[in-house]
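Here is what each chain is made of, one letter per residue.
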Amino acid sequence: MVYTLSGVRFPSVPSVYKSPGFCSSNGGDRRNANVSSVFLNKKYSLSRKILAEKSSYESESRPSTVTASSGKVLVPGNPSDSSSSSTDQLELAQAVPENSPASTDVDSPTMGHASDVEPASDLTGSVAELDFSSSLQLQEGGKLKESKTLDTSEVTIIDESDRIRKKGIPPPGLGQKIYEIDPLLKNHSEHLDYRFSQYKKMREAIDKYEGGLEAFSRGYEKMGFTRSATGITYHEWAPGAKSACLIGDFNNWDPNAGVMTRNEFGVWEIFLPNNADGSPAIPHGSRVKIRMDTPSGVKDSIPAWIKFSVQPPGEIPYNGIYYDPPEEERYVFQHPRPKKPKSLRIYESHIGMSSPEPKINSYANFRDEVLPRIKKLGYNAVQIMAIQEHSYYASFGYHVTNFFAPSSRFGTPDDLKSLIDKAHDLGIVVLMDIVHSHASNNTLDGLNMFDGTDSCYFHSGSRGYHWMWDSRLFNYGHWEVLRYLLSNARWWLDEFKFDGFRFDGVTSMMYTHHGLSVGFTGNYNEYFGFATDVDAVVYLMLVNDLIHGLFPDAITIGEDVSGMPTFCIPVQDGGVGFDYRLHMAIADKWIELLKKRDEDWRVGDIVHTLTNRRWQEKCVSYAESHDQALVGDKTIAFWLMDKDMYDFMALDRPSTPLIDRGIALHKMIRLVTMGLGGEGYLNFMGNEFGHPEWIDFPRADQHLPDGKIIPGNGFSYDKCRRRFDLGDADYLRYHGLQEFDQAMQHIEERYEFMTSEHQFISRKDECDRMIVFERGNLVFVFNFHWTNSYSDYRIGCLKPGKYKIVLDSDDPLFGGFGRIDHNAEYFTFEGWYDDRPRSFMVYAPSRTAVVYALVDKEEEAVEEEPIEE
């Protein structure tokens, strides 16, 4: 279905179109390919047999939440706090000193900012405000209908935005807990204390001049387009512009009809009163741009705070769209957010390539077809890539042009909301792959040269350009950049109900060298010196403070390859504040090993890589993500089985030694990564069944400056999809790999081994190629030997009793050979073995992983209960 608004076509299910090949940004693979990863100082290495048991620590206590502008104590959940209206709270939060001079120096005793503009009155909220006395109820499609009652769960999500506005961000703590957690950090206390002082100074400045971090993060209520009862106000920060005017369909693109005025802080403004009939001056769906006379000449730009943008058919640049549907057409969320999962099992996804068909998939299809699949597989979180609008599809979403706009390739903003609401209904938390590390180099539809200068949102000169990614780098020390990025994070959480973020490219942010051609060894001098970009680290502290302060159950994951100490320690304790770090070294290690013969693998090397992480800083492990699936690289399945996957994956055909080896090791690699690699696990869609092909986005030939040509693929979508049908086909060997992945997730859900405090590695035998370890009440036994199977193999354990098999990679259901009897029972006997007080005997076939679970008394009683005839 296609509907038209003011001449702009909005496909509800986007059609496949051939995007022009020209783009000023190269996109492509933007990983830190030359960076090695060491997560732990050698003194604190966990590569020995005993994994340090996790002991919880209490975060430094925070004072009561105080609204900075009023001093009023707000206790979340206290009925007395809700006595004041949301309007009163908004006025308190927006209190800003008048006549403050502009400055970006937070040390300045007086400071004014671009936000010192009068906000439009009676702003229309993004979530419908319901008068509960009229008794409304939600119906299918998110529309409202009259009813006698309103379910309490619906009230919870509908009034969430209002409740969050009444929250204040707790003040900074003391920032000293990090020295208790890691005494070695005291040697770098000068740097760390300075970092924390800069963070506190910025917090104090925001409290003083913006009414607090909560109000500061609602920049989208002041900047960009805001609508009141009387009209539309448009604000844009463009200090380098000499003149500006708003043009679009609404005024026939007449530059003389929308002339804007500039204030002393470089903010341009125009107010458009409602039409005579009361309708808004800019119709919903209209194309809009800001035309500026800049030092670089006259240019038309998409507003920086635009909420939607589309690429017209046959054109290169995108058009900004004024997106403000009538109240009755807006999607209204029906389902509350799921509770924060104890253990995080992430299904990494890309909407566009999530269809088995060679096309760009839609939000709606992903909602209806892919989300149920994720639920069935047993994942409790979906991480969605490429949400922020990006003009170059092949950039995988990493060259963002419009930070507040969900990608129009997949549908409308309301389609995305419907997807997230459905995920919540299924109990799946939704994480967004957010890009705040850099921005697209495009000048026509991005932020680059926005006001005609190379600074504005970015560092000027070479410091503001990432030569490897061909993109622009933000100036995190600038007040308006902080407003923009903090508001951006808040926008996606509040407006779209995302449950957290995976922050991309954090290593590039934290260091002035961006992690390029740097091999981190774990020496603390590499993290706390002149190469550290303190402004960027302070921003990361602020955004984590904001997210966790307003959304306590929100999850933040940082893509850091350097192993920055304190990365996953709360901000008030002196840390950067992330919940998890991506354990990026694991995937690199598997690729390294897969290039070698089995005989050259070292199980001690595998264990060291999986466990080499910082104490009390949680990690998300993965054997392969989207990075390993891109064209030019190989997935684990392809490294293992290569071209044999095309001819020998059908069960009615004989297998080959390469296929047998590949299927066996593919399961073992995933399980040992999940078992030892961290407190969370991630899988890129399709890799759960060993997707047979790489990812290659539709693209044209690329002409390099030196005259070389990189051939394209004729805009083909053939390799930019996911063949879920292969994993579902029970007559193919892919199906067994998918069944094993599902079993892995459900075993973790039942036993919660990833978050267990009991962890112990009892055996790393290089001769036998055996790895044995305990997590919780489970004992994992891996035999990586290519030919040797071991009968009556003794393995140590801690707890006495009876054990049973709960997962066996050799099970025929998983494409194995069925060499182990699942009805066998395993009883412990006393006596120290492998540093364990007890042990039991098992059969360990070659290239097999088996998980044994301690049978508790209640479970044993159920098993022994006689069956009544």
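Residues numbered from 1 in each chain as written. Predicted model: local features only at pLDDT ≥ 70, side-chain atom pairs only at ≥ 80, totals over all residues. Heavy atoms only, no water.

- An unreviewed UniProt entry lists the protein under the name 1,4-alpha-glucan branching enzyme, with Anisodus acutangulus given as the organism.
- Database annotation for the protein, UniProt heading Pathway (unreviewed entry): "Glycan biosynthesis; starch biosynthesis." (UniProt positions renumbered as here; feature names shortened; annotations may be inferred.)

Let's talk about the overall build of the protein
So, point 1. From N to C terminus, the protein includes 19 helices and 37 strands.
So, point 2. In the protein, 75% of the contacts between residues at least 6 apart in sequence involve partners at least 24 apart. (Helix = DSSP H or I, 4+ residues; strand = E, 2+ residues; numbered from the N terminus. Contact = heavy atoms within 4.5 Å.)

A short note on the sheet that holds strand 18 (residues 429–434)
Where strands meet in a sheet, backbone hydrogen bonds hold them as pairs that are either parallel or antiparallel.
So, point 1. The eight strands are arranged 14-15-18-22-23-24-25-26 in a closed barrel whose pairing can be described as parallel. Across the sheet, the mean angle from the axis of one strand to that of its neighbour is 30°, orientation sign disregarded.
So, point 2. When strand 25 (residues 619–621) meets strand 26 (residues 680–684), the two strands line up parallel, connected through two bridges. Bridging from a neighbouring strand, V620 pairs with G680 of strand 26.
So, point 3. Relative to strand 26, helix 16 (residues 657–676) is tilted by about 150°, and along the sheet it contacts strand 14 (344–350), strand 25 and strand 26. (Pairing = 2+ DSSP bridges. Axes fitted to C-alpha atoms, helices over the stretch in contact; angles between N-to-C directions.)

Some thoughts on a nonpolar patch on the surface
So, point 1. A cluster of nonpolar side chains, contributed by V631, Y646 and W694, occupies part of the molecular surface with about 270 Å² of accessible area.
So, point 2. By secondary structure assignment, the location of W694 is in the loop between strand 26 and strand 27 (702–703).
So, point 3. Classification of W694 by relative accessible area gives partly exposed; the value is 30%. (Patch = residues over 30% accessible without salt bridge, like charges linked within 9 Å, V, L, I, M, F, W, Y side chains within 5 Å. Areas by Shrake-Rupley, 256 points an atom, 1.4 Å probe, with all protein chains shown as cover. Salt bridge = Lys/Arg side-chain N within 4 Å of Asp/Glu carboxyl O. Buried < 20%, exposed > 50% of the residue type's maximum accessible area, 1.4 Å probe, protein only.)

Here we look at the pairing of strand 5 (residues 224–227)
For a regular strand, side-chain orientation follows a simple rule: the groups alternate between the two sheet faces.
So, point 1. As paired elements, strand 5 and strand 6 (residues 231–237) share four bridges and run antiparallel to each other. Directly across from R227, in strand 6, lies its bridge partner I232.
So, point 2. The antiparallel pairing of strand 5 with strand 6 creates a hairpin that spans three residues between the two strands.

Some details on the environment of R723
So, point 1. Within the secondary structure, R723 is located in the loop between strand 28 (709–710) and helix 17 (724–728).
So, point 2. Here R723 falls in the partly exposed class, since its relative accessible area comes to 24%.
So, point 3. Sequence-distant contacts of R723, defined by excluding residues within four places in its chain, comprise P356, F689 and H691.

Details of the pairing of strand 26
So, point 1. Among the five residues of strand 26, five are classified as buried, and the element is accordingly described as predominantly covered.
So, point 2. A two-sided burial pattern is seen for strand 26, the buried positions comprising G680, L682 and F684 on one face and Y681 and N683 on the other.
So, point 3. Two strands pair when backbone bridges link them, and strand 14 and strand 26 are joined in this way by five bridges, in the parallel orientation. Following the sheet pairing, E348 is matched in strand 26 by F684.

Here's the deal with unusual backbone geometry
So, point 1. Within the chain, M449 stands out as a residue other than glycine whose phi angle is a positive 55°.
So, point 2. Inspection of the secondary structure assignment puts M449 in the loop between strand 19 (439–440) and strand 20 (465–466).
So, point 3. Relative accessible area serves as the criterion here: at 23%, M449 is assigned to the partly exposed category.
So, point 4. In this structure, C456 takes a positive phi of about 50° despite not being glycine.

So, the sheet that holds strand 20
So, point 1. If you walk across this open sheet you meet the three strands as 19-21-20, and the pairing is antiparallel. Each edge of the sheet is formed by a strand with only one pairing partner; in this case those strands are strand 19 and strand 20.
So, point 2. With two bridges joining them, strand 19 and strand 21 (residues 471–472) adopt antiparallel strand pairing. When the bridges of strand 21 are listed, A439 appears paired with R472.

Topic: helix 8 (residues 413–425)
So, point 1. For helix 8, built from 13 residues, the straight-helix expectation of 18 Å at 1.5 Å per residue is met to within 8% by its first-to-last C-alpha distance of 19 Å.
So, point 2. With 11 of its 13 residues buried, helix 8 lies for the most part within the structure.
So, point 3. Every buried residue of helix 8 is accounted for by P413, D414, D415, L416, K417, S418, L419, I420, D421, A423 and H424.
So, point 4. Each element contacted by the buried residues of helix 8 is listed here: helix 7 (363–377), strand 15 (381–385), strand 17 (402–406), strand 18 and helix 9 (479–495). (Expected span 1.5 Å × (residues − 1).)

Focus on the pattern of salt bridges
So, point 1. Applying the stated rule across the entire model yields 55 salt bridges.
So, point 2. One salt bridge in this structure joins D741 and R670, with 2.9 Å as the shortest N-O distance. Taken together, the residues span a long stretch of sequence, with D741 in helix 18 (residues 734–751) and R670 in helix 16 at a distance of 71 residues.
So, point 3. According to the relative accessible area criterion, R670 is buried, its value standing at 2%.
So, point 4. With a closest N to O distance of 2.8 Å, R723 and D725 form a salt bridge.
So, point 5. A single network of salt bridges, built from pairs that share partners, joins E160, R165, E214, R218, E221, R337, R490, D494, K497 and D499.

Topic: the environment of S228
So, point 1. Positionally, S228 belongs in the loop between strand 5 and strand 6.
So, point 2. Since its relative accessible area comes to 5%, S228 is described here as buried.

Digging into the packing of aromatic side chains
So, point 1. For the structure on display, the rule yields 49 aromatic pairs.
So, point 2. Ring plane angle 75° and centroid distance 6.1 Å describe the contact between W491 and F496, whose orientation is recorded as edge-to-face. Pair check on accessibility: W491 and F496 agree, each one buried.
So, point 3. One residue, K634, lies across the ring of W639, its end atom 4.8 Å from the ring centre. (Phe/Tyr/Trp six-rings, centres within 6.5 Å; stacked < 30°, edge-to-face > 60°. Lys NZ or Arg CZ within 6 Å of the ring centre and 35° of its normal.)

A closer look at the side chain of R218
So, point 1. Mapped onto the fold, R218 is located in the loop between helix 6 (213–216) and strand 5.
So, point 2. Since its relative accessible area comes to 2%, R218 is described here as buried.
So, point 3. In this structure the side chain of R218 is engaged in a polar contact, spanning 2.8 Å, whose partner is the side chain of E214.
So, point 4. Within the structure, R218 has its side chain in polar contact with the side chain of E221 (distance 2.8 Å). (Polar contact = N/O pair within 3.5 Å; in protein donor to acceptor, adjacent residues only side chain to side chain.)

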